[in-house]
Amino acid sequence: MAAAFLMEIRRATQSALLVVRSSAPRQLLPEAYPLLFLRSAAADIPSAPVEVSVCTDSLEVRSGGSCDAAALPAGVSLAPSSCRGLRRLRGDGLHLRVRLRGPPPAADVVFTLRESLKPNKNYIFYCQSCGDIVVSDRKFLRVLPLPSENWSDLVEDWCCHPDPFAKRTLHPQHGDCFLGDTFLLLDSRNESHVPESPVCCSDAAHCVSQSDSNLKSKEDTRVICKRCKTMLGETVSSGTIKYYVTEVVIQSAEGGFSPTPRSQFVQSIVAQCLLELSSAKSTFRFTIKGDNGKTYILIWLLNSDTLLVESLGSSSSHSDFTLFGDILTPSSGPVGSWNALKVLYQPCIQCRNKELADAWEDDMGVHPLKFPSETCLELLLILGLSTTSLPPSLRCMNSFQVAFLKM
Ligand SMILES: [Zn+2]
């Protein structure tokens, strides 16, 4: 449709903010069914008046001789008579709030890695970027969650005697899969059954066999996809490989590999990490750190009950995703809908926001999440594209930038 719209539905309050934007450079003079009739004295002239109709299951925008209609996703039902707070913001378009007639359809249950990885089942790990097999047909006897990254700090705080675990790291044995916040640890010593696809380059394997972690340079420990050279993880010690959850797709051996566009995969996986940690630890602030130790982004999780409904037509957010080579298919006719996390963020690259980053660094209430540095930059780009796709008045909050991570 020529007039794009964005609807931010909150499940908790069963209410929605609707922003109707006109992509054509014309003034928006709205009428909204059934209560709202607004034909403002046009200060900036002249363009055809635009008439907006809010129906229970659709939106209609009429202008001149044309009419754009968009059906809302199944199960989303508006109460038109509840339209309130109509206002027109220059550069944004028309804002109004409307209540829902009932709860929107339940969010699809997202199976996190923790829930979907089961012992005694066979799994194949694929490179997310190119689909090459990274670990073929592996059966785990144990799938265990790891304590958080800074667990040894906590032990130090709790113990009145020296930390008994000092300098001891947790190593998976054969048949183990350990799950961290953003990674999996696998035992890699028994890889002889996958000769066609060794998991790390021979240099790294050679270095590890010296089992002197101090001598290993960072570059040597990187585990790289053989085919596309994407960094998948690191060798953390002799015989132990860490795979980042943003870089590998884990499928049961019976299922096949179905590629997901990179930007969708990254934002969905990062959203899952934020969601899981926020519900498990009541942590809402996160630092996104690269494998080089640098902080790339500060993220503040604002809410996780958003259902985002967008017209797909000319919305800039979608054409932008061609940057990643993504092809988005609308889930229901001319509109797309996503369960999304609303986040505030600050980029920290090129020394931006250094003071705040330092303050968060020292704050025990902030949880660090580590990913490959390239992925941190991808995530920053995804957040930036999400921000610029929003109406200007919604892009900023308390000096933070606003973005949605679609699940
Ligand atoms: Zn690859």
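Numbering of residues starts from 1 in each chain and follows the order in which that chain's sequence is written. Side-chain atom pairs in this predicted model are given and counted only at pLDDT of 80 or more, local residue features only at pLDDT of at least 70, and totals for whole chains, interfaces and linings cover all residues.

Chemist: Quick one: what's the story with the nonpolar core, residue by residue and with numbers?
Modeler: Nonpolar core, as used here: buried Ala, Val, Leu, Ile, Met, Phe, Trp, Tyr and Cys residues forming one set through C-beta atoms within 7 Å. Any residue with 12 or fewer other C-beta atoms within 10 Å of its own C-beta is exposed, any with 20 or more is buried, and the rest are partly exposed; the C-beta atoms used are placed from the backbone. Counting residues in each nonpolar core, the largest one holds 55 residues, and the members touching the most others are Tyr243, Ile288, Ile297 and Ile299. Helix and strand assignments come from DSSP, with helices taken as H or I runs of at least 4 residues and strands as E runs of at least 2, each series counted from the N terminus. Ranked by the residues each element gives to this core, the list is headed by helix H5 (residues 262-281), at 7 residues. Per-domain counts for this core show at least three residues from each of domain 2 (113-252) and domain 3 (262-406). In this view, Ile297 contacts Ile288, Tyr345, Pro347, Cys348, Cys376, Leu379 and Leu380; residues no more than four positions away in its chain are not counted. By size, the runner-up hydrophobic cluster in this structure holds 25 residues, among which are Phe5, Val54, Leu72 and Leu307. For the domains described, the bounds stem from an automatic or database domain assignment. Placing a C-beta atom from the backbone of each residue, one calls two residues in contact when those atoms lie within 7 Å.

Chemist: Can you lay out the sheet that holds strand S17 (residues 240-244) for me, pointing to particular residues and giving the numbers?
Modeler: Sheets are built from strands paired through backbone hydrogen bonds, the pairs being either parallel or antiparallel. Strand order in the open sheet formed by 6 strands is S12-S13-S14-S17-S16-S15, and the pairing between neighbours is mixed. With one partner strand each, in any of the chains shown, strand S12 (142-145) and strand S15 (222-224) form the two edges of the open sheet. Mean inter-strand twist for the sheet, computed between neighbouring axes without regard to direction, equals 25 degrees. By this definition, two strands are paired if DSSP reports at least two bridges between them. Looking at chain direction, strand S14 (residues 183-187) and S17 are connected through 5 bridges and run antiparallel. Each bridged residue has a counterpart across the sheet, and for Leu186 the counterpart in S17 is Ile241. A fitted line through C-alpha atoms serves as each axis, taken over the contacting stretch for helices, and the angle formed by two N-to-C directions is quoted from 0 to 180°.

Chemist: Which residues make up the environment of Lys229, and what values do they have?
Modeler: Take Lys229: it is sitting in the loop between S15 and strand S16 (231-237). The sequence separation of Lys229 and Ser129 amounts to 100 residues, and the corresponding C-alpha distance is 9.5 Å.

Chemist: If you had to explain the pairing of strand S8 (residues 78-89) to someone new, which residues and values would you point to?
Modeler: As paired elements, S8 and strand S9 (residues 93-100) share 6 bridges and run antiparallel to each other. In the sheet register, Arg87 faces S9, and the bridge partner there is His95. Where S8 hands over to S9, the hairpin turn is made up of 3 residues, of which Gly91 adopts a positive phi near 90 degrees.

Spatial relationships are all this shows, so hold off on functional conclusions.
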